[in-house]
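Here's the letter readout for the chains.
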Amino acid sequence: AQKITQTQPGMFVQEKEAVTLDCTYDTSDPSYGLFWYKQPSSGEMIFLIYQGSYDQQNATEGRYSLNFQKARKSANLVISASQLGDSAMYFCGNGGTSYGKLTFGQGTILTVHP
Amino acid sequence: DAGVTQSPTHLIKTRGQQVTLRCSPKSGHDTVSWYQQALGQGPQFIFQYYEEEERQRGNFPDRFSGHQFPNYSSELNVNALLLGDSALYLCASSRSSPGGYTEAFFGQGTRLTVV
């Protein structure tokens, strides 16, 4: 069974500052993937970043980076130089390899202040 | 290139009725998954279709059923609607890639309200 835990219901950050959104996971699969999606108020889920469990380096995509600590079972999202448009709900999740379901956490609402 | 499209965007139904939601996957994608997202919660996996068959299913009752057509589009049917079925229903499409990661693209969802 897969379980994703996001312990921060809401986070606030000043524009242009960096912010870290926490995520811990639990899985019995020997190989797995971790990812983050952004969900604006429009409802669409927007893919941000993916990390494979056997990837040697932490994934980065523009201003997004994933701080993957396998021993601690954590996959935190770091957003650098926050922008007002980053205000949204952020979901951490597990899955995506080959085929199969995606398992999401409860989400963290990020608010960026000017 | 159109992304994942879902219809309708909003829907209001009465308890006990039946509803059908539709999804067209992104071009080149052959796998469609459906998710239910209650207010303030993360999306919950309902089921996944590949080659017109249900490949995986989450913890949802048989009232939830689906179909995939030869053109890879998909429908989600919910019978005997309950108030608790009110949620945002998200469709995600991906390209089957055995042994490797395949990114899932989501539509904007159908907001279903059961009254």
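What counts, and where the lines are drawn
- Residues numbered from 1 in each chain as written.
- Chains lettered and ligands numbered in written order.
- Predicted model: local features only at pLDDT ≥ 70, side-chain atom pairs only at ≥ 80, totals over all residues.
- Heavy atoms only, no water.
- Helix = DSSP H or I, 4+ residues; strand = E, 2+ residues; numbered from the N terminus.
- Rg over C-alpha atoms; globule rule 2.2 N^0.38 Å.
- Buried < 20%, exposed > 50% of the residue type's maximum accessible area, 1.4 Å probe, protein only.
- Contact = heavy atoms within 4.5 Å.
- Areas by Shrake-Rupley, 256 points an atom, 1.4 Å probe, with all protein chains shown as cover.
- Lys, Arg positive; Asp, Glu negative; His and termini not counted.
- Charge placed at Lys NZ, Arg CZ, Asp CG, Glu CD.
- Core = buried A, V, L, I, M, F, W, Y, C linked by side-chain atoms within 4.5 Å.
- Disulfide = S-S within 2.5 Å.

Draft legend 1. Region of interest: the overall build of chain A. When its secondary structure is counted, chain A shows zero helices and 12 strands. Computed over its C-alpha atoms, the radius of gyration of chain A comes to 13 Å, within 12% of the 13 Å expected for a compact globule of 114 residues. Taking the principal axes of the C-alpha coordinates as reference, chain A spans close to 45 × 30 × 20 Å. Counting all 114 residues of chain A, 48% fall into the buried class. Sequence-distant contacts in chain A: of pairs separated by 6 or more residues, those separated by 24 or more amount to 54%. Total accessible area on chain A is roughly 5500 Å²; 50% of this is exposed by carbon and sulfur atoms. Placing the 8 positive and 9 negative side-chain charges of chain A at their respective mean positions leaves the two points 5 Å apart.

Draft legend 2. Looking closely at the overall build of chain B. Scanning chain B from N- to C-terminus turns up zero helices and 11 strands. Computed over the C-alpha atoms, the radius of gyration of chain B is 14 Å, within 12% of the 13 Å expected from 2.2 N^0.38 for a compact globule of 115 residues. Each principal axis of the C-alpha atoms in chain B carries an extent, and together these give about 40 × 30 × 25 Å. Buried positions account for 46% of the 115 residues belonging to chain B. Looking at chain B alone, contacts between residues at least 24 apart form 53% of all its contacts between residues at least 6 apart.

Draft legend 3. Layout of the nonpolar core. The biggest cluster of nonpolar side chains holds 23 residues, and the ones touching the most others in it are Trp36(A), Ile49(A), Leu77(A) and Tyr90(A). Elements that contribute at least two residues to this core include exactly β3 (19-21), β5 (33-39), β6 (46-52), β8 (64-69), β9 (74-79), β10 (88-95) and β12 (108-113) of chain A. With sequence-adjacent residues up to four places away left out, Leu77(A) is seen in contact with Val19(A), Thr20(A), Leu21(A), Trp36(A), Leu48(A), Ile49(A), Tyr64(A), Ser65(A) and Tyr90(A). Residues Val32(B), Tyr49(B), Phe64(B) and Cys91(B) belong to the second largest nonpolar core, which totals 19 residues.

Draft legend 4. How the structure looks around the state of the cysteines. All chains considered together, the criterion is met by two disulfides over all chains. Residue pairing for Cys23(A): its cysteine sulfur links by disulfide to Cys92(A), the two sulfurs lying 1.9 Å apart. Of note, the bridge from Cys23(A) to Cys92(A) carries an S-S torsion of about -60 degrees and is left-handed in sense. Of this pair, Cys23(A) sits in the loop between β3 and β4 (24-26) while Cys92(A) sits in strand β10, placing them 69 residues apart in sequence. Pair check on accessibility: Cys23(A) and Cys92(A) agree, each one buried. Here Cys23(B) is linked by a disulfide to Cys91(B), with a sulfur-sulfur distance of 1.8 Å. Its torsion about the S-S bond being -65 degrees, the disulfide of Cys23(B) and Cys91(B) is classed as left-handed. Here Cys91(B) lies in strand β9 (residues 87-94) and Cys23(B) lies in strand β3 (residues 19-24), a separation of 68 residues in the sequence. On the basis of relative accessibility, which here comes to 2%, the residue Cys23(B) falls in the buried class. Residue classification places Cys91(B) among the buried positions, given a relative accessible area of 0%.

Draft legend 5. Fine view of the environment of Thr102(B). For Thr102(B), the position within the fold is in the loop between β9 and β10 (105-106). The exposure class assigned to Thr102(B) is buried, which follows from its relative accessible area of 11%.

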